Amino acid sequence: MKHPIFSHTYPNGLVLLAEPMNWLQSAAFTFLVPAGCAHDPAELAGLSSFACEMALRGAGDRDSHQFILDLDNLGVDRSESVSTAHTSYSGATVAENLSAALAIYADVLRRPHLPEDQLEASRLAMLQELRAVEDEPAQKVMIELRRQHYPEPWGRSAQGEQKALEATTIRDIRPQIERCYRPNGAIVGVAGRLDWPRLLDLVGELLGDWAPGPPLAIAESPAAGRYQHLAHDSQQTQIGIAYDAVPYRHPDYYQAFGAVGVLSGGMSARLFTEVRERRGLCYSVYATLNTLLDRGAVFCYAGTGAERAQQTLDVTLGELRRMVQGIEDHELDRLKARIKSALVMQQEMSSARSSSLARDWYHLGRARTLDEVSGLIDGLSSRTINAYLAEHPPAEFTVVTLGSRPLEVPCGVS
Amino acid sequence: MEFLKYALPNGLEVVAECNGAAYSSAMGFFVKTGSRDEIAALAGVSHFLEHMVFKGTARRSADDVNREFDEMGAHYNAYTNEENTVFYAAVLPEYQDRAVDLLADILRPALREDDFHTEKKVILEEIQMYEDQPPFGADDKCRALYYGAHPLGQSVLGTAESIAALSAAAMRDYFRRRYSPGNIVLAAAGCVDFDALVAVAERCCGDWQPEVTSRKIEPVAASDGFRVLRKEKASQQYVLQLAAGPAAEDADRYAAKLLTMVLGDDSGSRLYWELVDPGLAETAVMSHGEHQGAGLLMTYMSCEPQQVADNLRRIHKLFCQVEADGITAAELEPAKSKIRSRIVLSSERPRGRMFNLGNDWVYRREYRPVEADMEAIAAVSVDELVAVLAKYPLSRPTMVTIGPLAEVPQPDE
């Protein structure tokens, strides 16, 4: 796994990262621009997502039809998403079409048409996505959990709010894009079959003369925390539990990662074993480590029938609290094996690498090679993870439930 | 890239695409049994049995099974559909023997009574989970309506009632009849040592007793019914349409896949421009599903309830139009580009190849290298798509809609 990663910072602040994987036929790219929903004005929640939706409706010399047609002809398997920190445009295709695809996305970032006559269509699409979440209880509970746990604006959902989406005009979208679509703070990750010198020149031609923008500021307000129940007419009760963890840039990040892996990596992990396998309480239960730039959190989920929801919550919280008693070597050995094989298998997916490169740069100001990550995993031991757990025991839980009735959340949880 | 195959004396077949340069190996046991092989009293048994396979064997407890997969760092899982139950793992090449040994061992599960009752609760949770999320079970209802009494109309999950009533003894009997070596294919792809693969299969599966298994392939007499199901608390309205399409063994299945791409891919298709781009629908997509002796052209749409009647008229009109006027070469080319690029991306992972290899063998007993699929896609003409449309019209589908509305007008009335 000794593959070099190339990086370059253009004078306007744009960062390009590339990992050649010349045994593949494909190439993948990820553009991150600092247009996260944390920058949405409070009264226009969802503005960044709205802007992203509009940016795909024609750019440069292509109208919206030609834009989609050209990407289709290039076979680009594309996706877009908005997080609190970024809007991400990514895609993968056969390697010979990479340059042409990058040129189209350079237009999206710099020369989107933002056609006013398509604003209503775009608004309808946004509102439908918001309505669709109401039908997805498992997704809804995790959106609410994040909102409760993280301080505003970091707990926001990028999808926004109905009233704000209804009030948004093209005069809101255009300045948002002017402000947040800019090279300083933007990162391009490319991986797969590629030629670095050519890529460096191409991205320089496409984005090198993009003018930088002024700094973006964010004002924070405290998280709500504690317990919230959302009434929902459903068969199952959805349970979300959150607690603090260190962020990706923290020296102890992989200790936190290891601890969550013992809880929820593979089917022999604690939550799956204790909640599902031993007791048959639910079909789906997991915990995942989420990271922002300067803080992180573990988000746990379980969905179960209403009559067994209390027991599921109690057993899950019990497992979280038990972590402080420490993990064992055999648990860590399995986790290491899983991570190692996942790292090796990343070499089979250009899209996994292109997004990792961009994400690494945002958090660390550099990208880690697979070899380096492998070394960090080797360095984990039950002793180091237990030391982390002693210092950061799962506690101060934020709990959100969604279902027919609220649950008893034990004292001392919040 | 080399294709190799071998058959054990008891009938179990081993097929592999070996690529010494791959980073990982993927292997899967394809058991040719699913919901279409169940009688009504056993509805859901194939899927329930898939869960039970992970609950331990004569020499392993359930914990051992999960622990050993995780010790290898395996990425493993299983799924059940109408026709197959598939157990698979992707591992680093050095774990090939251990992974095959473990997969083979769990295919002779202990099926212990107490595990059966614990796992029954998990299955009932899974059924409840699907009832709470779109399309709220309407997919099962639409298939049942389309197929009528044909076994392909049976639900993979079964119902809360059929699962509650199922006994461990009935499952054991089903297992004995269906998990016969002659009804199983072991497929492997990636960095595979074929001799070692066969040796482990011989050692672990050689003593499996063959049983006579069969599957009735009856003709489908599809209905073109229309049902409105009410789910008052839903926010959106969901629509499923099913029409006949090429079966797994039909040569025109490639044309059918391109047709659904032209008409209903999630981007750039006719349905996309008609419904999704203008914001009239949240989703409007088509796909082609292939079974033994039957195929489906499927359409799925979700939108705001008050928009559904208009959207259904638009879909109906679009289908009538395409049946009358056909499609153009300018539409076919981007569809081909998209499929070719998706084939390249999925084939870069051994597990992607393993699924193709296994399904090609289970359905057609043929090996198709990536290049063969690429050439088959490239060779499809506009006329072939038009021929598929003539043979399998889309404008009179079986349809189910579910959501807050009590009534939805049928679009061609």
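Calculation criteria
Along each chain, the written sequence defines residue order, and numbers are assigned to residues from 1. Written order determines the labels here, with chains lettered from A and ligands numbered from 1. In keeping with the model being predicted, local features are shown solely for residues with a pLDDT of at least 70 and side-chain atom pairs are shown and tallied solely at 80 or more, while totals for entire chains, interfaces and linings include all residues. Secondary structure is summarised from DSSP: a helix means a run of H or I of at least four residues, a strand means a run of E of at least two, and numbering begins at the N terminus for each. Radius of gyration means the value over C-alpha atoms here, while the globule rule gives 2.2 Å times the residue count to the 0.38 power. Partly exposed residues are those whose C-beta has more than 12 but fewer than 20 other C-beta atoms within 10 Å; 20 or more makes a residue buried and 12 or fewer makes it exposed, with C-beta atoms placed from the backbone. C-beta atoms are placed from the backbone for every residue, and two residues are taken to be in contact when these atoms lie within 7 Å. Under the scheme applied here, ten amino acids are nonpolar (Ala, Val, Leu, Ile, Met, Phe, Trp, Tyr, Cys and Pro), four are charged (Asp, Glu, Lys and Arg), and all others, including Gly, are polar. The start and end points of each domain follow an automatic or database-based domain assignment. Being paired, for any two strands, means DSSP has found at least two bridges between them. Here an axis means a line fitted to C-alpha atoms, over the contact stretch when the element is a helix, while the angle between two N-to-C directions is reported on a 0 to 180 degree scale. A set of buried Ala, Val, Leu, Ile, Met, Phe, Trp, Tyr and Cys residues, joined through C-beta atoms within 7 Å, is what we mean by a nonpolar core. In what follows, roughly perpendicular refers to angles from 65 to 115 degrees, roughly parallel to angles under 35, roughly antiparallel to angles over 145, and oblique to any angle outside these ranges. Of all possible arcs, the one meant is that of the directions from the helix axis to the C-beta atoms. A crossing counts as left-handed when the near helix is turned anticlockwise from the far one by less than a right angle, and as right-handed when that turn is clockwise.

**Some remarks on the overall build of chain A**
At step 1: A count of helices and strands for chain A gives 15 helices and 13 strands.
At step 2: At 22 Å, chain A has a C-alpha radius of gyration in line with the 22 Å of a compact globule built from 414 residues.
At step 3: Here the C-alpha coordinates of chain A stretch approximately 60 × 50 × 35 Å along the principal axes.
At step 4: Relative to its 414 residues, chain A shows a buried fraction of 52%.

**Overview of the interface of chain A and chain B**
At step 1: With 55 residues of chain A in contact, the opposing surface of chain B contributes 51 residues.
At step 2: Mapped by element, the contributors of at least two residues to the side of chain A that touches chain B are helix H2 (64–73), strand E7 (87–94), helix H4 (119–134), helix H5 (137–149), helix H10 (270–277), strand E12 (296–305) and helix H12 (329–346) of chain A.
At step 3: Each residue belonging to the side of chain A that touches chain B can be placed in one class, and the counts come to 20 nonpolar, 19 polar and 16 charged.

**Focus on the domain arrangement of chain A**
All names here are of chain A.
At step 1: On domain assignment, one finds that chain A holds domain 1 (6–207) and domain 2 (227–403).
At step 2: Distance from the C-alpha centre of domain 1 to the C-alpha centre of domain 2: 27 Å.
At step 3: Elements that contribute at least two residues to the side of domain 1 that touches domain 2 include exactly strand E2 (15–20), strand E3 (26–33), E7, H5 and strand E8 (187–192).
At step 4: If you tally residues by element for the side of domain 1 that touches domain 2, the top one is H5, at 10 residues.
At step 5: Each residue belonging to the side of domain 1 that touches domain 2 can be placed in one class, and the counts come to 20 nonpolar, 9 polar and 4 charged.

**A look at the sheet that holds strand E11 (residues 284–291) of chain A**
Residue and element names in this part refer to chain A.
At step 1: Pairing is mixed in the open sheet, where 5 strands are placed in the order E9-E13-E10-E12-E11. Across the chains shown, the open sheet's two edge strands, defined by having one partner strand only, are strand E9 (227–231) and E11. For this sheet, the mean angle separating the axes of adjacent strands, direction not counted, is 15 degrees.
At step 2: When E11 meets E12, the two strands line up antiparallel, connected through 8 bridges. What sits directly across from Tyr286, in E12, is Tyr301.
At step 3: Together, E9, strand E10 (236–245), E12 and strand E13 (398–403) form the strand contacts of H5, whose direction differs from that of E13 by roughly 150 degrees.
At step 4: Set on the sheet, helix H11 (residues 309–322) makes contact with E10, E11, E12 and E13; between it and E10 the angle comes to about 20 degrees.

**Side note on the domain arrangement of chain B**
Residue and element names in this part refer to chain B.
At step 1: According to the domain assignment, chain B contains domain 1 (2–205) and domain 2 (226–403).
At step 2: One C-alpha centre belongs to domain 1, the other to domain 2; they are set 27 Å apart.
At step 3: Contact with domain 1, which involves 33 residues of that partner, is made by 23 residues of domain 2.
At step 4: Mapped by element, the contributors of at least two residues to the side of domain 1 that touches domain 2 are strand E2 (13–18), strand E3 (25–31), strand E5 (85–91), helix H5 (138–147) and strand E6 (184–190).
At step 5: When residues in the side of domain 1 that touches domain 2 are grouped by element, the largest group, 7 residues, is from H5.
At step 6: A breakdown of the residues in the side of domain 1 that touches domain 2 according to their chemical character gives 21 nonpolar, 5 polar and 7 charged.

**Description of the nonpolar core**
At step 1: Judged by nonpolar contacts, the single largest core of 127 residues is most densely connected at Leu17, Val188, Ala259 and Val298 of chain A.
At step 2: Mapped onto the domain boundaries, this core takes at least three residues apiece from domain 1 (6–207) and domain 2 (227–403) of chain A.
At step 3: Non-local contacts of Leu17 of chain A, meaning those with residues more than four positions away in its chain, are made with Ile5, Ser7, Val188, Gly189, Leu357, Ala358, Trp361 and Ala367 of chain A.
At step 4: Core analysis: the next-biggest nonpolar cluster, separate from the first, contains 67 residues, Ala62, Ala99, Leu197 and Met354 of chain B among them.

**Describing the packing of H12 of chain A against helix H2 (residues 62–71) of chain B**
At step 1: Interaxial distance between H12 of chain A and H2 of chain B falls to 7 Å at its minimum, and their mutual angle equals 50 degrees. Considering the angle they form, H12 of chain A stands oblique to H2 of chain B. Of the residues in H2 of chain B, those in contact with Asp333, Arg334, Ala337 and Arg338 of chain A of H12 of chain A are Arg67, Asp70 and Glu71 of chain B.
At step 2: In the contact of H12 of chain A with H2 of chain B, the residues fall into 1 nonpolar, no polar and 6 charged.

**Some points on the sheet that holds E7 of chain A**
Residues and elements named next belong to chain A.
At step 1: Spatial ordering of the open sheet is given by E1-E2-E8-E3-E7-E6, a layout of 6 strands whose pairing is mixed. In the strand order of this sheet, the two ends are held by strand E1 (6–9) and strand E6 (77–82), each with one partner. Direction aside, the axes of adjacent strands within the sheet are offset by 10 degrees on average.
At step 2: As paired strands, E1 and E2 are joined by 4 bridges and run antiparallel to one another. Looking across to E2, one finds that Phe6 is bridged to Ala18.
At step 3: The sheet contacts of helix H13 (residues 350–364) involve E2, E3, E7 and E8, and relative to E8 the element is tilted by about 150 degrees.

**As for helix H15 (residues 382–391) of chain A**
Residues and elements named next belong to chain A.
At step 1: Restricting attention to buried positions, one finds in H15 the residues Ile385, Asn386, Tyr388 and Leu389. All buried residues of H15 fall inside an arc of 155 degrees around its axis, so they share one side. Seen from the buried face of H15, the exposed residues on the opposite side, beyond 90 degrees, are Arg383, Ala390 and Glu391.

**Here we look at the packing of helix H3 (residues 96–106) of chain B against helix H8 (residues 194–205) of chain B**
All names here are of chain B.
At step 1: At a minimum axis separation of 9 Å, H3 and H8 run at an interaxial angle of 30 degrees. The angle between H3 and H8 places the two elements in the roughly parallel class. When you trace H3 past H8, the crossing you get is right-handed. Within the contact between the two elements, H3 uses Gln96, Asp97, Val100, Asp101, Ala104 and Asp105 and H8 uses Ala196, Leu197, Val200, Ala201, Cys204 and Cys205.

**Comments concerning unusual backbone geometry**
At step 1: Of the consecutive residues Glu152 of chain A and Pro153 of chain A, the connecting peptide bond is found in the cis state with omega at 5 degrees.
At step 2: For Pro153 of chain A, the location among the structural elements is in the loop between H5 and helix H6 (162–167).
At step 3: Omega for the peptide link from Pro134 of chain B to Pro135 of chain B comes to 0 degrees, which places this bond in the cis form.
At step 4: As for its position among the elements, Pro135 of chain B is in the loop between helix H4 (113–132) and H5.
At step 5: A positive phi angle is found at Leu111 of chain B, which is not glycine, with a value near 50 degrees.
At step 6: Relative to the elements of secondary structure, Leu111 of chain B occurs in the loop between H3 and H4.
At step 7: Positive phi values are uncommon outside glycine, yet Phe136 of chain B reaches one of about 55 degrees.

**Focus on the environment of Cys18 of chain B**
All names here are of chain B.
At step 1: With respect to the element layout, Cys18 can be found in strand E2.
At step 2: Considered as a pair, Cys18 and Met52 are 34 residues apart in the sequence and their alpha carbons are 31 Å apart.
At step 3: Apart from residues no more than four positions distant in its own chain, Cys18 is found in contact with Glu2, Leu4, Val192 and Phe194.

**Examining the pairing of E3 of chain B**
All names here are of chain B.
At step 1: Of all 7 residues that make up E3, 7 are buried, and the element is covered over most of its length.
At step 2: As defined by bridge partners, E3 adjoins E5 across 7 bridges and the pair is classed as antiparallel. Opposite Val31, over in E5, you have Thr85 as the bridge partner.
At step 3: Pairing of E3 with E6 involves 7 bridges; the strand directions are antiparallel. Looking at the pairing, Gly28 lines up with Ala187 of E6.

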